[in-house]
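# Coordinate inspection notes
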Amino acid sequence: MKIPNDAVIPVEKLTKYLLVPRPWDDKSRFLAQAAFDQSNPDALMAAIRALAIGAEGSEDGSNEHGAFLPARG
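Description of the structure in this document. Treat the numbers as computed from the prediction; the structure is a model and nothing was measured.

## Topic: helix α1 (residues 11–18)
- Among the residues of α1, K13, L14, Y17 and L18 are the ones counted as buried. Summarising the axial view, the buried residues of α1 lie within an arc of 110 degrees, below the 170-degree limit, and thus occupy one face.
- On its buried face, α1 sits against α2 (28–32), α3 (41–53), β1 (62–63) and β2 (66–67).

Have a look at this one:
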């Protein structure tokens, strides 16, 4: 499935999930390797949007933060 250019990505998904250290399934440590952290969620949003322009994704579950649409890039 093509990820729509206008896909809704709640800023809370970045600031309260992806960029928050967690004891299990911690994504913030991986994102920190690319210089993304709590101080620059807008940069992460821009990077995700740039990736989504040409990406294909398929729903791979969901949680209270929304659907997972993995894309490689």
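## Re the pattern of salt bridges
- For the structure on display, the rule yields one salt bridge.
- The closest approach of N and O atoms between K27 and D25, which form a salt bridge, is 2.6 Å.
- A residue is classified by how much of its surface remains accessible, and K27, at 24% relative accessible area, is partly exposed.

## Looking at unusual backbone geometry
- At D25, a position not held by glycine, the phi torsion is positive, near 60 degrees.
- Examined against the element boundaries, D25 turns out to sit in the loop between α1 and α2.
- The backbone phi angle of A35 is positive, close to 70 degrees, even though this residue is not glycine.
- Relative to the helices and strands, A35 is located in the loop between α2 and α3.
- According to the relative accessible area criterion, A35 is exposed, its value standing at 52%.

What counts as what
Residues numbered from 1 in each chain as written. Predicted model: local features only at pLDDT ≥ 70, side-chain atom pairs only at ≥ 80, totals over all residues. Heavy atoms only, no water. Buried < 20%, exposed > 50% of the residue type's maximum accessible area, 1.4 Å probe, protein only. Helix = DSSP H or I, 4+ residues; strand = E, 2+ residues; numbered from the N terminus. Arc of directions from axis to C-beta. Contact = heavy atoms within 4.5 Å. Salt bridge = Lys/Arg side-chain N within 4 Å of Asp/Glu carboxyl O.

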